[in-house]
Protein chains: 2
Amino acid sequence: MSQPDTKQRILDAAERLFAKEGFHCSSLRGITREAEANIAAVHYHFGSKEALIEAVFERRLQQLNPLRIRQMENVREVARQGGRRPKVEEILRAFVEPTFRFRDSEPGTRHFVTLVGRVLAEPDDRIRGIFVRRMMPIFLFTLELLEEALPELPRPTLFWRLHFTIGAVSHILQMDAKFQNFVQFPEGIQVPNNLDSLLAFLLTFLTAGLEAQNA
Amino acid sequence: MSQPDTKQRILDAAERLFAKEGFHCSSLRGITREAEANIAAVHYHFGSKEALIEAVFERRLQQLNPLRIRQMENVREVARQGGRRPKVEEILRAFVEPTFRFRDSEPGTRHFVTLVGRVLAEPDDRIRGIFVRRMMPIFLFTLELLEEALPELPRPTLFWRLHFTIGAVSHILQMDAKFQNFVQFPEGIQVPNNLDSLLAFLLTFLTAGLEAQNA
DNA sequence: ACCCCATTAAAACAAACGTTTGAATTTCTT
DNA sequence: AAGAAATTCAAACGTTTGTTTTAATGGGGT
């Protein structure tokens, strides 16, 4: 190969632009220009624009989702061996923390996380479906664990609360890079320079919401 | 005018298609075809595609936002006259309930609410800005009331929790019409046919999250 | 009847889109 | 070194996009 892996460079550029401008507003010409590749290379290596974003998701999720599942299985195992229920905060942490850590693990993963935050609001069913299909096992596993943690709450209640959780998380993930121009910050509010404090805020909020007892 | 108000028909069609397919994927040709109007009518009546979506937001928000503000002012006033703090649930209800009720008030408003749910995840800063600019007073007013309700919590904490709230709300609003194909429902989970029960679920979740005391 | 002005209509604009083609080039295999 | 396979390249494909232009239409006031 002439240059170090055109395929990877296209994936990197696509990941960045899909996150920045959305799927339909990112052009293959813009992506290949950034990747310093020919426009035909996309169809040669991937087949179509849709197959390209599928490959973008595949590359990262096959790394990230096992991390999540392992952490969630660990939560369940430790609880069982301790003869207690899993804690809601442990479950939520297993659900979102890997994503936050993943974000700063390599250059590029930061853009992927932004893309994940956006894709649930993607109007195109086909594109959103590519992501949702791959996340469904995680959602169902999380729901399962929450039922173990909160057996006194009805299943539909937990289902909807998990959806509220997903909404809050994806909204925060997507804001990420563009905190500055997303909202005008009231005086005295600072953007946390590391995401750890934001993660702590988030887990406190979500845990309380999920554990709410009335209604 | 030959037909009853081309301008309104264009607004209706644009509202519906922007909600369904997003801003950039909706073409002016599709919109004018649905509105049974000529393409040039958009530029004649509005000036540009961007000015069109601005008009779509303007038409509904000038009706909806005063409702919200009035209800929030009422929450503050009743609390003051009762010599107590406003309750978090009252504040949140004033923030989201008008939108839920607005949804079923007229034909078309349902599409608008879906559009609102989508637009916060819109990648295009200009388009998202059109909406955010108009909502900023509401956000700040809500934050103000939350400070009155929870004076023991630091301002940044409340700020982030309000953002988590906005994420959860917009995620639910956007799911709305497409519950069926958005996620695959686990067995036994039903879509609520009226939004009242969903609103109750939502308020319980958010209230608990906002009132969480640790961290 | 006339003119005026708001509105509609059809057609064309240049630009950008995803995709395809076929030949040139590089890389690997023998 | 020679042939085969993989990859890159420039160019063009036919559509579609938002926007503009120019002409036609239609009703209300004088």
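Just so we're clear, the structure is a prediction, and the values are computed from it rather than from any experiment. (Residues numbered from 1 in each chain as written. Chains lettered and ligands numbered in written order. Predicted model: local features only at pLDDT ≥ 70, side-chain atom pairs only at ≥ 80, totals over all residues. Heavy atoms only, no water.)

Chemist: Whenever I open this one, the protein's contact with DNA strand C confuses me. Can you help?
Modeler: Residues in contact with DNA strand C amount to 18 residues; listed here are only the nearest, Arg-29, His-43 and Lys-49 of chain A together with Thr-6 and Tyr-44 of chain B. Backbone atoms, meaning sugar plus phosphate, form 52% of the atoms of DNA strand C positioned within 4 Å of the protein. Within the side chain of Thr-6 of chain B, an N or O atom sits 2.4 Å from a phosphate oxygen of DNA strand C. Here Tyr-44 of chain B contributes a side-chain N or O atom positioned 2.9 Å from a phosphate oxygen of DNA strand C. If you list the elements that add at least two residues to the surface near DNA strand C, you get helix H2 (28–34) and helix H3 (40–45) of chain A together with helix H3 (40–45) of chain B. In terms of residue count, the dominant contributor to the surface near DNA strand C is H3 of chain B (three residues). Class assignment for the residues of the surface near DNA strand C results in seven nonpolar, eight polar and three charged. (Near = heavy atom within 4 Å. Polar contact = N/O pair within 3.5 Å; in protein donor to acceptor, adjacent residues only side chain to side chain. Helix = DSSP H or I, 4+ residues; strand = E, 2+ residues; numbered from the N terminus. Nonpolar A, V, L, I, M, F, W, Y, C, P; charged D, E, K, R; others polar.)

Chemist: Would you mind showing me how to read the packing of aromatic side chains here?
Modeler: For any pair of aromatic rings, the description consists of the separation of the ring centres together with the inter-plane angle of the planes. Inspection of every chain in the model, using the stated rule, returns 15 aromatic pairs over all chains. Counting every residue linked through ring pairs, the aromatic cluster contains Phe-57, Phe-102, Phe-112 and Phe-131 of chain A. Positioned above the aromatic ring of Phe-46 of chain B is the side chain of Lys-7 of chain B, whose terminal nitrogen or guanidinium carbon lies 5.9 Å from the ring centre. Lying over the aromatic face of Phe-23 of chain B, Lys-49 of chain B brings its terminal NZ or CZ to 4.7 Å of the ring centre. (Phe/Tyr/Trp six-rings, centres within 6.5 Å; stacked < 30°, edge-to-face > 60°. Lys NZ or Arg CZ within 6 Å of the ring centre and 35° of its normal.)

Chemist: Looking at this structure, I do not really get the pattern of salt bridges. What am I missing?
Modeler: Side-chain pairing between opposite charges can occur once the charged atoms of the two side chains come close. Residue and element names in this part refer to chain A. Per the stated rule, a full pass over the model turns up 38 salt bridges over all chains. With a shortest N-O distance of 2.9 Å, Glu-50 and Arg-126 are connected by a salt bridge. Here Glu-50 is found in helix H4 (residues 49–81), whereas its partner Arg-126 is found in helix H7 (residues 125–149), with 76 residues between them in sequence. Note that Arg-80 and Glu-148 form a salt bridge whose closest N and O atoms lie 3.7 Å from each other. Placement of the pair is Arg-80 in helix H4 and Glu-148 in helix H7, with a sequence separation of 68 residues. (Salt bridge = Lys/Arg side-chain N within 4 Å of Asp/Glu carboxyl O.)

Chemist: I keep staring at unusual backbone geometry and nothing clicks. Help me out?
Modeler: Both trends apply: most residues other than glycine have a negative phi, and most peptide bonds are in trans. One non-glycine residue, Glu-36 of chain A, lies in the positive phi region at around 50 degrees. As for its position among the elements, Glu-36 of chain A is in the loop between H2 and H3.

Chemist: Is there a simple way to think about the nonpolar core in this case?
Modeler: Nonpolar side chains in soluble globular proteins tend to be buried together. Judged by nonpolar contacts, the single largest core of 145 residues is most densely connected at Leu-52 and Phe-57 of chain A together with Leu-52 and Phe-57 of chain B. Not counting the four nearest positions on each side in its chain, Leu-52 of chain B is found in contact with Ile-10, Leu-11, Ala-14, Phe-18, Leu-28, Ile-31, Val-42 and Phe-46 of chain B. (Core = buried A, V, L, I, M, F, W, Y, C linked by side-chain atoms within 4.5 Å. Buried < 20%, exposed > 50% of the residue type's maximum accessible area, 1.4 Å probe, protein only. Contact = heavy atoms within 4.5 Å.)

Chemist: Can you help me understand the packing of helix H5 (residues 88–103) of chain A against helix H10 (residues 195–211) of chain A in this one?
Modeler: The description of two packed helices rests on the angle between their axes and on the distance between the axes. All names here are of chain A. Contact pair H5 / H10: the axes reach a minimum separation of 10 Å and the direction vectors enclose 150 degrees. Here H5 is positioned roughly antiparallel relative to H10, judged by the angle of their axes. Remark: the crossing between H5 and H10 carries right-handed chirality. Contacts between H5 and H10 involve Val-88, Glu-89, Leu-92, Arg-93, Val-96, Glu-97, Phe-100 and Arg-103 from the former and Leu-195, Leu-199, Leu-202, Leu-203, Leu-206, Thr-207, Leu-210 and Glu-211 from the latter. (Axes fitted to C-alpha atoms, helices over the stretch in contact; angles between N-to-C directions. Parallel < 35°, antiparallel > 145°, perpendicular 65-115°, else oblique. Left-handed = near helix turned anticlockwise from the far one by under 90°.)

Chemist: Would you take a moment to explain the packing of helix H1 (residues 6–21) of chain B against helix H4 (residues 49–81) of chain B for this structure?
Modeler: Residue and element names in this part refer to chain B. Packing of H1 against H4 leaves a shortest axis separation of 10 Å and a crossing angle of 95 degrees. As the angle between them shows, H1 and H4 are arranged roughly perpendicular. Contact residues: H1 offers Gln-8, Ile-10, Leu-11, Asp-12, Ala-14, Glu-15 and Phe-18, while H4 offers Lys-49, Leu-52, Ile-53, Ala-55, Val-56, Arg-59 and Arg-60. Here the residues of the contact of H1 with H4 are counted per class, giving eight nonpolar, one polar and five charged.

Chemist: What is the right way to read the protein's contact with DNA strand D from this model?
Modeler: In the neighbourhood of DNA strand D, 15 residues make up the surrounding shell, with Thr-6 and His-45 of chain A together with Arg-29, His-43 and Lys-49 of chain B lying closest. Protein-proximal atoms of DNA strand D, defined as those within 4 Å of the protein, fall in sugar or phosphate at a share of 49%. At a separation of 3.4 Å, a phosphate oxygen of DNA strand D approaches a polar backbone atom of Ser-26 of chain B. Here Arg-29 of chain B contributes a side-chain N or O atom positioned 2.8 Å from a base nitrogen of DNA strand D. Top contributing element to the surface near DNA strand D by residue count: H3 of chain A, with three residues. Grouping the amino acids of the surface near DNA strand D by side-chain chemistry returns five nonpolar, seven polar and three charged.

Chemist: Is there a simple way to explain the environment of Phe-95 of chain B in this structure?
Modeler: Residue and element names in this part refer to chain B. Note that Phe-95 resides in helix H5 (residues 88–103). Phe-95 sits 74 residues away from Val-169 along the chain, and the two C-alpha atoms are 10.0 Å apart. In contact with Phe-95, not counting residues within four places along its chain, are Arg-68, Ile-138, Phe-139, Thr-142 and Ile-166.

Chemist: How should I be thinking about empty space enclosed by the protein in this particular structure?
Modeler: Remark: the empty space left among the atoms is shown by a probe the size of a water molecule rolled over them. With the rule as written, the count across this model stands at nine cavities of 30 Å³ or more. The computed volume of the largest cavity comes to approximately 350 Å³. In terms of lining, the largest cavity is formed by 28 residues, of which the most central are Ala-121, Glu-122 and Pro-123 of chain A together with Glu-122 and Pro-123 of chain B. Of all elements in the fold, only helix H1 (6–21) and helix H6 (109–119) of chain A together with H1 and helix H6 (109–119) of chain B reach the threshold of two or more residues within the lining of the largest cavity. (1 Å grid on protein atoms, 1.4 Å probe; cavity = no way out; pocket = protein on both sides within 12 Å on 5 of 7 lines; lining within 4 Å. Points joined across faces, edges and corners; volume = space filled by probe spheres on them.)

Chemist: Help me out: how do you make sense of H5 of chain B in this one?
Modeler: Because an α-helix packs 3.6 residues into every turn, residues spaced three or four apart end up facing the same way. Residues and elements named next belong to chain B. With 16 residues, H5 should cover 22 Å at 1.5 Å per step; its first-to-last C-alpha distance of 23 Å lies within 8% of that length. Roughly 35 degrees is the biggest bend found in H5, and it falls at Val-96, with proline Pro-98 one to four residues downstream. Of all 16 residues making up H5, 12 are buried, and the element is well covered by its neighbours. Restricting attention to buried positions, one finds in H5 the residues Val-88, Ile-91, Leu-92, Ala-94, Phe-95, Val-96, Glu-97, Pro-98, Thr-99, Phe-100, Phe-102 and Arg-103. (Expected span 1.5 Å × (residues − 1). Bend = angle between axes of the 7 residues up to and from the residue.)

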